[in-house]
Amino acid sequence: MADTAIVEVIGLRKTYPVTQDGQRTDFVAVDDVSFSVQQGSSLAIVGESGSGKSTIAKLLVGLERVTAGTILIDGVDRTAKPRGARARRQRGSDVQIVFQDPYTSLDRRQTVEAALAEAVRLHSNLGRDQVARRVKELAEMVGLDQRQAEARPIALSGGQRQRVAIARALAAEPRVLILDESVAALDVSIQAQILNLLADIREATGVTYLLISHDLAVVRQLTRDAIVMRRGQVVEAGSTVSVLDHPQEAYTRRLRDSVPRPGWDPHQISREGAIATADDQNTATKESDR
Amino acid sequence: MSALLEVDGLTVTLPVAGLQQPVLRDISFTLGQGEALGLVGESGSGKSMTARAIGRLLPPGAQCEGRISFDGDSVLELDGAGLRTYRTHGVAMIFQDPRASINPVRRVGDFLTEALVTNEGVKQDDANTRAAELLDAVGIDDPRRRMRQYPHQLSGGMLQRVMIAAALLINPRLILADEPTTALDVTTQAEVMAILDTLRRERGVSMLFITHDLELAAAVCDRTAVMYAGLLMEEQRSLKLDSDPLHPYTAALVQARPDISVTHERLLAIPGRPLSAFEAPPGCAFGPRCPHAEPACAQAVPPLLDVDTGRSRCRRLPELRGTMGAKSAGAGNG
């Protein structure tokens with residue numbers, strides 16, 4: 001396949017107005033970020049809180065407007081406001097998102113089948129039987145049985161709800177699926193099931209993944225490329241394996257070394273991060289004075 | 001080693017839909033003075049409930065059987081002045097979300113010194129000095145200024161340090177830390193764990209460390225116990241958990257976790273989902289998800305038996321030991 005970028009982000013910037021010391025100023029959440037993702041590939045956006053990684057997800061799906069820069073999905077600019085319902089639906093079938101919390105992203109009064117059918121109808125012209133068949137197909141793809149498909153969210157566990165959220169996102173047959181910390185709230189044994197499921201879905205559908213995560217092990221399992229963000233900026237980019245195995249930037253190294261593992265010594269990490277910590281505390285102090 | 005805390009046959013039931021349902025079943029362990037014990041498990045395993053039972057913070061309607069003994073006192077029978085003393089000088093708790101456990105409309109300094117001033121008659125000035133010293137010890141710059149601030153003015157990592165300082169201020173002998181770093185960034189987690197570890201060692205405080213993260217528990221605790229469906233499944237020295245698991249559940253947990261340094265084709269996921277105690281089948285609670293289960297495993301709940309390096313609730317351990325496929329090389333020395 002030719003190397004076509006399905007997602008291309010150029011010079012992305014997002015600021016929010018804040019008041020600091022009684023003065024109105026702009027807080028820069030995303031600062032001149034550029035990256036691209038090839039069709040069928042996968043990119044991780046890695047960072048800690050305040051790095052701007054989730055803001056990028058919101059900008060990509062259109063939940064926030066960009067301040068400056070360009071987002072191209074399959075070559076089409078998405079920074080302008082969509083004109084009309086059709087254009088909005090088209091965007092919906094380009095990019096879908098699965099959020100972190102499986103407990104708040106579903107309508108508690110809607111059965112799983114109804115939620116999936118609604119999403120299928122919205123993005124297709126299928127007849128009633130065809131919709132039902134497609135819903136069944138989606139439920140099977142994410143491993144939900146008939147009883148679970150007829151249930152409301154309250155009767156489902158966290159892992160099952162996240163399967164529903166994934167199926168609903170896939171109902172639009174998106175080109176790009178954004179996974180915003182989608183496995184972060186799950187138990188270890190369930191997380192492994194969902195990670196395997198996501199790998200299977202990519203194989204079956206060729207969908208492109210954009211994973212927003214703080215968890216480097218999850219990033220390694222699911223993505224080919226990665227960018228590391230800090231305070232709105234990209235500090236390192238490359239293939240996921242090289243970023244994790246041979247990080248070039250001190251911050252990336254510190255992120256990696258902070259992950260508990262056999263022989264992990266928090267004291268050493270703390271010491272090594274001392275300079276960076278002092279730096280952090282200066283920033284935190286400024287923030288708290290605001 | 002003389003044990004500071006002894007939990008013996010602790011069973012807790014809670015009212016669910018009019019019926020008393022078990023949440024903890026026959027939990028037994030000891031914790032020595034100055035020792036750190038990790039309590040690891042997934043949702044519903046009962047790890048937090050164990051800490052709550054020890055802190056005498058169980059929800060209304062909870063019924064306990066068994067014994068919790070703290071420095072010779074029977075914790076479950078404490079009341080009045082005895083319970084107050086236990087809670088002020090015996091145990092301190094640190095919770096996952098610091099914002100949920102601090103009063104948002106009171107200054108950090110008032111929060112820190114309240115117990116000292118009202119319960120122990122320490123003068124406000126002296127209490128302030130002690131609080132400032134401890135804030136300094138947990139790595140907070142300019143503590144006097146922080147003490148004049150409100151919780152919303154501090155970041156999550158900063159606030160969790162305040163909570164650690166608050167817990168240590170009363171000089172407790174035991175800290176019950178319930179996922180104290182789960183809501184923090186990884187780099188902050190390392191810093192907070194280092195501080196907690198240092199202060200704990202310097203002061204000889206015991207710690208019960210509750211987490212879902214096996215690696216984190218193994219890194220900071222002398223021993224780790226793994227819980228499932230309200231039962232202790234195994235307990236042993238933390239260093240051996242990875243290489244020589246004593247229960248198939250522990251081995252499965254280690255293998256299900258993605259690895260930061262190795263890319264796996266597929267993860268060895270555990271089928272099904274974690275069960276709560278009241279959902280568990282008769283026999284071994286992990287049986288339905290266990291790759292090594294055989295019909296006899298479903299007959300009765302296997303007892304927690306002593307083995308050379310710890311304790312295990314797997315009846316097939318003698319045959320399985322060393323073959324449960326731990327991740328790290330060189331596993332299986334039995």
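The preceding data block contains the structure.
Scope of this entry: the structure provided in the associated data block. (Residues numbered from 1 in each chain as written. Chains lettered and ligands numbered in written order. Predicted model: local features only at pLDDT ≥ 70, side-chain atom pairs only at ≥ 80, totals over all residues. Heavy atoms only, no water.)

1. Some words on the nonpolar core
Thought 1: Core analysis: the biggest nonpolar cluster contains 75 residues, and Ile166 of chain A together with Phe286 of chain B have the highest contact counts within it.
Thought 2: A per-element tally of this core places helix H7 (residues 188-205) of chain A first, with eight residues.
Thought 3: If we ignore the near neighbours within four places in the chain, the residues touching Phe286 of chain B are Tyr228, Met233, His247, Pro248, Tyr249, Ala252 and Ile270 of chain B.
Thought 4: Counting residues in hydrophobic clusters, the runner-up holds 45 residues, among them Val108, Ala127, Val205 and Cys221 of chain B. (Core = buried A, V, L, I, M, F, W, Y, C linked by side-chain atoms within 4.5 Å. Buried < 20%, exposed > 50% of the residue type's maximum accessible area, 1.4 Å probe, protein only. Helix = DSSP H or I, 4+ residues; strand = E, 2+ residues; numbered from the N terminus. Contact = heavy atoms within 4.5 Å.)

2. As for the interface of chain B and chain A
Thought 1: Each partner contributes residues to the interface: chain B has 48 residues there, and chain A has 41 residues.
Thought 2: Of all residues in chain B, the largest losses of buried area upon contact with chain A belong to Val186, Thr187 and Ile260 of chain B, amounting jointly to 19% of the total for that side.
Thought 3: Counting the contacts that link chain B with chain A gives three salt bridges.
Thought 4: Between Glu191 of chain B and Arg254 of chain A there is a salt bridge, with the nearest N and O atoms lying 3.2 Å from each other.
Thought 5: Where chain B touches chain A, the interface holds 19 residue pairs in polar contact (both at pLDDT 80 or more).
Thought 6: Listed by contribution, the elements that provide at least two residues to the side of chain B that touches chain A are helix H5 (143-147), helix H6 (156-169), helix H7 (186-203), helix H8 (214-220) and helix H9 (248-256) of chain B.
Thought 7: Here the side of chain B that touches chain A gets 10 residues from one element, more than from any other, and that element is H7 of chain B.
Thought 8: The class makeup of the residues in the side of chain B that touches chain A is 18 nonpolar, 13 polar and 17 charged. (Buried area = accessible area lost by both parts, 1.4 Å probe. Salt bridge = Lys/Arg side-chain N within 4 Å of Asp/Glu carboxyl O. Polar contact = N/O pair within 3.5 Å; in protein donor to acceptor, adjacent residues only side chain to side chain. Nonpolar A, V, L, I, M, F, W, Y, C, P; charged D, E, K, R; others polar.)

3. Topic: the sheet that holds strand E9 (residues 225-230) of chain A
All names here are of chain A.
Thought 1: The sheet built from six strands is open, its strands ordered E6-E7-E8-E3-E9-E10 with mixed pairing. What marks the edges here is a single partner per strand, and that holds for strand E6 (95-98) and strand E10 (233-239). Strand-to-strand, the axes of this sheet are offset by a mean angle of 15°, without reference to chain direction.
Thought 2: By the bridge criterion, four bridges tie strand E3 (residues 42-46) to E9 in an arrangement that is parallel. In the strand pairing of E9, Leu43 is matched with Asp225.
Thought 3: Running over the sheet, helix H2 (residues 84-94) touches E6 and strand E7 (176-180) and is turned about 60° from E6. (Pairing = 2+ DSSP bridges. Axes fitted to C-alpha atoms, helices over the stretch in contact; angles between N-to-C directions.)

4. Quick notes on the packing of aromatic side chains
Any pair of aromatic rings gets described here by the distance separating the centres and the angle formed by the planes.
Thought 1: On inspection of all chains with the given rule, the structure shows four aromatic pairs over all chains.
Thought 2: Aromatic rings pair up to connect Tyr228, Tyr249 and Phe286 of chain B into one cluster.
Thought 3: Between Lys14 of chain A and the ring centre of Tyr16 of chain A, over which it is positioned, the NZ or CZ distance is 5.1 Å. (Phe/Tyr/Trp six-rings, centres within 6.5 Å; stacked < 30°, edge-to-face > 60°. Lys NZ or Arg CZ within 6 Å of the ring centre and 35° of its normal.)

5. Side note on the packing of helix H6 (residues 158-170) of chain A against H7 of chain A
Residue and element names in this part refer to chain A.
Thought 1: With their axes 10 Å apart at the nearest point, H6 and H7 run at an angle of 20° to one another. Classed by the angle they form, the pair H6 and H7 counts as roughly parallel. By crossing handedness, the relation of H6 to H7 is classed as right-handed. Contacts from Gly159, Arg163, Ile166 and Leu170 of H6 reach H7 at Ile190, Gln193, Ile194, Leu197, Leu198 and Ile201.
Thought 2: Grouping the amino acids of the contact of H6 with H7 by side-chain chemistry returns seven nonpolar, two polar and one charged. (Parallel < 35°, antiparallel > 145°, perpendicular 65-115°, else oblique. Left-handed = near helix turned anticlockwise from the far one by under 90°.)

6. Overview of H6 of chain A
All names here are of chain A.
Thought 1: When the terminal C-alpha atoms of H6 are compared, their 18 Å separation across 13 residues agrees well with the 18 Å that a helix rising 1.5 Å per residue should span.
Thought 2: Counting buried residues along H6, 12 of its 13 residues qualify, which places the element largely inside the surrounding structure.
Thought 3: Among all positions of H6, only Gly158, Gly159, Gln160, Arg161, Gln162, Arg163, Val164, Ala165, Ile166, Ala167, Ala169 and Leu170 are buried. (Expected span 1.5 Å × (residues − 1).)

7. Details of the sheet that holds strand E1 (residues 3-16) of chain B
Residues and elements named next belong to chain B.
Thought 1: Here four strands make up an open sheet; going across it, the order is E2-E1-E4-E5 and the pairing antiparallel. Two strands close off the open sheet at either side, each with one partner strand: strand E2 (19-32) and strand E5 (73-74).
Thought 2: Of the strand pairs in this sheet, E1 and strand E4 (residues 63-70) are connected by seven bridges, and their pairing is antiparallel. Across the sheet, the residue bridging to Val7 is Ile68, located in E4.
Thought 3: With respect to the sheet, helix H1 (residues 47-54) is in contact with E1, E2 and E4, its orientation differing from that of E2 by roughly 75°.

8. Considering the side chain of Asp244 of chain B
Thought 1: Structurally, Asp244 of chain B is set in the loop between strand E10 (231-237) and H9.
Thought 2: Judged by relative accessible area, which is 2%, Asp244 of chain B ranks as buried.

9. Quick look at the pattern of salt bridges
Oppositely charged side chains are able to pair whenever their charged atoms sit close together.
Thought 1: The final tally for this structure, using the stated rule, is 27 salt bridges over all chains.
Thought 2: Arg256 of chain A is paired through a salt bridge with Asp257 of chain A; the nearest N and O atoms lie 3.4 Å apart.
Thought 3: For the salt bridge of Glu294 of chain B with Arg316 of chain B, the shortest nitrogen-to-oxygen distance reads 3.6 Å. Here Glu294 of chain B, found in the loop between H9 and strand E11 (305-307), pairs with Arg316 of chain B, found in the loop between strand E12 (310-312) and helix H10 (317-320); they are 22 residues apart in sequence, far enough to count as distant.
Thought 4: Accessibility expressed as a relative area gives 29% for Glu294 of chain B, which makes it partly exposed.

10. A look at the pairing of E3 of chain A
Here is the key point about a regular strand: its side chains alternate between the two faces of the sheet.
All names here are of chain A.
Thought 1: With respect to burial, E3 is a largely interior element, five of its five residues being buried.
Thought 2: The two faces of E3 match: Ser42, Ala44 and Val46 on one face and Leu43 and Ile45 on the other face are all buried.
Thought 3: Pairing of E3 with strand E8 (residues 208-213) involves five bridges; the strand directions are parallel. Residue pairing across strands places Leu43 opposite Leu210, the latter belonging to E8.

11. A few points about unusual backbone geometry
What is expected of a backbone is that most residues other than glycine have negative phi and most peptide bonds are trans.
Thought 1: One non-glycine residue, Asp32 of chain A, adopts positive backbone phi at about 50°.
Thought 2: Examined against the element boundaries, Asp32 of chain A turns out to sit in strand E2 (residues 23-38).
Thought 3: Under the relative-accessibility criterion, Asp32 of chain A is labelled exposed at 55%.
Thought 4: For Asp71 of chain B, which is not glycine, the phi dihedral falls at a positive 50°.
Thought 5: Within the secondary structure, Asp71 of chain B sits in the loop between E4 and E5.
Thought 6: Classification of Asp71 of chain B by relative accessible area gives partly exposed; the value is 47%.

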